[in-house]
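Each chain, written out:
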Amino acid sequence: MPNSTTEVSVTVPLLPSLRHATNSSSQVAIVGSNVCPIESLDYEIAENDFFKQDWRARSKTQIFQYVFMKWLLCFFIGIIVSLIGFANNLAVENLAGVKFVITSNMMLVGRFSMGFFVFTVTNLVLTLFASVITAFVAPAAAGSGIPEVKAYLNGVDAPEIFSIRTLVVKIIGNISAVSASLLIGKAGPMVHTGACVASVLGQGGSKRYRLTWKWLRFFNNDRDRRDLVTCGSAAGIAASFRAPVGGVLFALEEMSSWWRSALLWRTFFSTAVVAVVLRALIDVCLSGKCGLFGKGGLIMFDVYSENASYHLGDVLSVLLLGVVGGILGSFYNFLLEKVLRAYNYIYEKGVAWKILLACAISISTSCLLFGLPFLASCQPCPAGALEECPTIGRSGNFKKYQCPPGHYNDLASLIFNTNDDAIKNLFSKNTDFEFHYLSILVFFVTCFFLSIFSYGIVAPAGLFVPVIVTGASYGRFVGMLLGSNSNLNHGLFAVLGAASFLGGSMRMTVSLCVILLELTNNLLLLPMMMVVLLISKTVADAFNANIYNLIMKIKGFPYLYSHAEPYMRQLIVGDVVSGPLQVFNGIEKIETIVHVLKTTNHNGFPVVDGPPLASAPVLYGLILRAHILTLLKKRVFLSTPVTFDSNTLAQFRADEFAKKGSGRADTIGDVELSEEELNMYLDLHPFTNASPYTVLETMSLAKALVVFREVGLRHLLVIPTISNRPPLVGILTRHDFMPEHILGLRPSLSRSRWKRLRIRLPFLS
């Protein structure tokens, strides 16, 4: 190894590498609707000398400010997300309401062709607007956003997923797309919206907008932002379904990869704020100040409040719902995966194809929603109905559509309506004889396939509500088939059907159970809800993964799961660590540093000390690329290869090394150095993490994965087992644990054999 006092470039490897295989796993992923480069997040705290000195210098007041600001930001997250959720629902109810009222009025006077034209054109314009702003302004806003947020909380960063531009397009685009009668939901986009709000609040201020208050700078690191984004995702679910506890459990069960009690309290606090604010806003709307809003809408009203009565004999019905729901849910995931892959091929042709596809889906949806009710026969209004029959206007169980006075169209009551009102109609009590078998079956098939084809368009679109609608129609159909053989009413079958289909598609249990209980406001459903969710999830797990994991795989996110694949137990760390390895001296020449930064894209570099600082090469630690760039921009260089003194260190501030927000990151191209500066030196010791996580090269790959994921690492240093070898073998990153990389190095490993074994022996997971 070259002496740190000599002018030897490290373009020649400083340490002889034992591994020369290059990691060929993908470094890009589909974010929203565009392919973007991805990075890993630094959840590990870089405990260098400079950080320790700054932390010891903090007063009790500063520590109090740090804790207080965390709680204050959680409060603001709850306030803002609840206001957005309310405004979202208010806008959709009024936009869709006006559209349905105008169309219905035309149909009442026999102008069916004009009604169809207005309905189709309105939907097309709304869809076109949503797709255009998504495609051209913020492509990262496409889709539900849950896969992106889930990947972020696992340690995967992607450009623009939490920017203000993405936040605005997510809100406006989702309102427009849902109002266009597309079979998509608001819950997924609300999760992404909550995460965006949390990330923006945790940016640490903004020089551009002159938000430089020092209290805002406490959260210039990935670890604190991760906690805030978790709170934001929980608040999004709470605002979508008015389910504060369900939101917390959703973040715990589905979104977060790391959890602790302090985060539980803050998440619960954020969702509690959401619940209180929504309750206050609902009271305002009940006074009639919200336009068409206030007489329907899933997130604001209890959809089922009857006391549920059931007996032991009804357990068989629940078991049937769970088994069939699991099969249907896994089949739904299978078809959605195929459709999304097909859409990806279409999207490769350009933005115009994305918009054309969205418009085609909109026109097809409008034709089905308007035309299918004509196939249903008119039903006479039931005697003693609790509401006006037929219903004139937007919502209600008794849509008149083309029927004569005193009759209603049961299929139109479901299909020619908003998704929220359709769910309310399906869940409603005392409606066992209001819907015909054929109408429910047609509605189920339509929702099943339309939701699959609608999700992948270039617009903010969720899956939660479409899956609930589809599951509710399937559950109600089963209840109608069983008839008098079950004591459960059809509305209760619809609730359990929604639960079974959600469990079969999304594979969540605890959070879905609580969300549906909070949604229906009926704790008596708990035993049956638990049984149907457990069965549907168990059945569906035998076929494929949950829907969000499948979407993450399609998008290419390098997600680390909580379990190690069985073939990883056959390998050691030394089998997969990749190279070549780039290493810096503790005191390095500027020219060498600049050359390495320009010729590599690594984000972490080992720092090794040799003579005269050490008698033999010894690993000192790891320094991040961002910190090196900060040092180069600061231009505090040394004319001779010596260490920094205390006066030199005093020129640096801790916030200069804090990670920037969602703006453009610094690059080596931004640093311009003179010829004289290139011949100077830089002491990396004070800014190097002297205690990075290390593992022996003989550790099993499965065990290393557990360490890497549970600690939330970006780099894991691999050291040799023999002392007379070089001090470092290589660095493990997230991509080294990806199956594509491992099986590429070891093609003899049969992954399919292990997959079959895991299905038979679930405990291997």
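Our subject is the structure listed above.
Procedures and definitions
Residues numbered from 1 in each chain as written. Predicted model: local features only at pLDDT ≥ 70, side-chain atom pairs only at ≥ 80, totals over all residues. Heavy atoms only, no water. Buried < 20%, exposed > 50% of the residue type's maximum accessible area, 1.4 Å probe, protein only. Salt bridge = Lys/Arg side-chain N within 4 Å of Asp/Glu carboxyl O. Helix = DSSP H or I, 4+ residues; strand = E, 2+ residues; numbered from the N terminus. Pairing = 2+ DSSP bridges. Contact = heavy atoms within 4.5 Å. Axes fitted to C-alpha atoms, helices over the stretch in contact; angles between N-to-C directions. Phe/Tyr/Trp six-rings, centres within 6.5 Å; stacked < 30°, edge-to-face > 60°. Parallel < 35°, antiparallel > 145°, perpendicular 65-115°, else oblique. Left-handed = near helix turned anticlockwise from the far one by under 90°. Nonpolar A, V, L, I, M, F, W, Y, C, P; charged D, E, K, R; others polar. Disulfide = S-S within 2.5 Å. Core = buried A, V, L, I, M, F, W, Y, C linked by side-chain atoms within 4.5 Å. Domains from an automatic or database assignment. Expected span 1.5 Å × (residues − 1).

A.B. asks: Now, about unusual backbone geometry: what can you tell me, with residues and values included?
C.D. replies: You will see that Ser181, though not glycine, has its phi angle at about 65°, which is positive. A relative accessible area of 11% places Ser181 in the buried class. Of note, the phi angle at Arg507 is positive, near 65°, even though the residue is not glycine. The class of Arg507 is buried, set by a relative accessible area of 6%.

A.B. asks: Tell me about the pattern of salt bridges, and please be specific about residues and values.
C.D. replies: Considering all chains together, one arrives at 16 salt bridges under this definition. Between Lys555 and Glu148 there is a salt bridge whose closest N-O contact spans 3.1 Å. A residue pair is termed long-range when its members are at least 10 positions apart, and Lys555 in helix H19 (residues 547-555) and Glu148 in helix H4 (residues 146-154) qualify at 407 residues. As far as burial versus exposure is concerned, Lys555 and Glu148 are alike and both buried.

A.B. asks: Got a sec to walk through the sheet that holds strand E9 (residues 604-609)? Specific residues and values, please.
C.D. replies: The sheet built from 3 strands is open, its strands ordered E7-E9-E10 with mixed pairing. With one partner strand each, in any of the chains shown, strand E7 (584-585) and strand E10 (618-624) form the two edges of the open sheet. In terms of strand pairing, E7 meets E9 through 2 bridges, oriented parallel. Looking across to E9, one finds that Phe584 is bridged to Val607. With respect to the sheet, helix H21 (residues 625-634) is in contact with E7, E9 and E10, its orientation differing from that of E10 by roughly 80°.

A.B. asks: Just give me the short version of the sheet that holds strand E13 (residues 716-719), but keep the residues and values in it.
C.D. replies: The 3 strands are arranged E12-E13-E14 in an open sheet whose pairing can be described as mixed. Looking at the sheet topology across the chains shown, the edges are occupied by strand E12 (694-696) and strand E14 (730-732). Taken over all neighbouring pairs, the strand axes of this sheet differ in orientation by 35° on average, direction set aside. As paired elements, E13 and E14 share 3 bridges and run antiparallel to each other. Residue pairing across strands places Leu716 opposite Leu732, the latter belonging to E14.

A.B. asks: Tell me about the environment of Arg279, and name the residues and values.
C.D. replies: The residue Arg279 is located in helix H9 (residues 261-286) in this model. With a relative accessible area of 37%, Arg279 lands in the partly exposed category. For the pair Arg279 and Arg242, spaced 37 residues apart in sequence, the C-alpha to C-alpha distance is 8.7 Å. Apart from the residues within four sequence positions on either side, Arg279 is in contact with Arg242 and Leu286.

A.B. asks: Give a description of the packing of aromatic side chains that names residues and reports values.
C.D. replies: Per the stated rule, a full pass over the model turns up 31 aromatic pairs. Where Trp71 meets Phe269, the ring centres are 5.6 Å apart and the plane angle is 70°; that geometry is what we call edge-to-face. Taken together, the residues Trp71 in helix H2 (residues 60-108) and Phe269 in helix H9 connect sequence positions 198 residues apart. With relative accessibility at 32%, the residue Trp71 sits in the partly exposed group. A relative accessible area of 29% places Phe269 in the partly exposed class. Arranged with centres 6.1 Å apart and planes meeting at 20°, the rings of Phe331 and Phe448 form a pair that is stacked. A residue pair is termed long-range when its members are at least 10 positions apart, and Phe331 in helix H10 (residues 315-347) and Phe448 in helix H14 (residues 437-455) qualify at 117 residues.

A.B. asks: Account for the packing of H2 against helix H7 (residues 222-241), with residues named and values stated.
C.D. replies: When two helices pack together, their arrangement is given by the angle between the helix axes and the distance between those axes. Contact pair H2 / H7: the axes reach a minimum separation of 9 Å and the direction vectors enclose 30°. Viewed along their axes, H2 and H7 adopt a mutual orientation that is roughly parallel. As for how H2 packs across H7, the hand of that crossing is right-handed. Residues Tyr66, Lys70, Leu73, Cys74, Ile77, Val81, Ser82 and Gly85 of H2 touch H7, and the partners they reach there are Asp224, Asp227, Leu228, Cys231, Gly232, Ala235, Gly236 and Ala239. Residues of the contact of H2 with H7, tallied by class, amount to 9 nonpolar, 4 polar and 3 charged.

A.B. asks: Report on the state of the cysteines, specifying residues and quantitative values.
C.D. replies: All told, the structure shown has 1 disulfide when counted by the stated rule. Bridging Cys378 to Cys403, the disulfide has an S-S length of 2.1 Å. Taking the torsion about the S-S bond as the criterion, the Cys378 to Cys403 disulfide, at about -95°, is left-handed. Linking Cys378 in the loop between helix H11 (351-371) and strand E5 (379-380) with Cys403 in the loop between E5 and strand E6 (407-408), this pair joins segments that are 25 residues apart in sequence. Taking relative accessible area as the criterion, Cys378 reaches 27% and is therefore assigned partly exposed.

A.B. asks: Can you break down the side chain of His685 residue by residue, with the values?
C.D. replies: Along the chain, His685 turns up in the loop between strand E11 (681-683) and E12. Excluding residues within four positions of it along the chain, His685 makes contact with Asp49, Gly586, Ile587, Asp609, Leu613 and Tyr620.

A.B. asks: So what's going on with the nonpolar core? Which residues, and what values?
C.D. replies: Residues Phe427, Phe464 and Met529 are the most contacted members of the largest nonpolar core, which totals 148 residues. With 12 residues, H2 is the single largest residue contributor to this core. Mapping this core onto the domain boundaries places at least three of its residues in each of domain 1 (65-286) and domain 2 (312-336 + 373-555). Residues Phe50, Phe584, Ile623 and Phe657 belong to the second largest nonpolar core, which totals 31 residues.

A.B. asks: Go over H14, please, and point to the residues and values.
C.D. replies: Compared with an ideal rise of 1.5 Å per residue, which puts 19 residues at 27 Å, H14 spans 27 Å between its outermost C-alpha atoms and is within 8% of the ideal. Every buried residue of H14 is accounted for by Ser439, Ile440, Phe443, Phe444, Thr446, Cys447, Phe448, Leu450, Ser451, Ile452, Ser454 and Tyr455.

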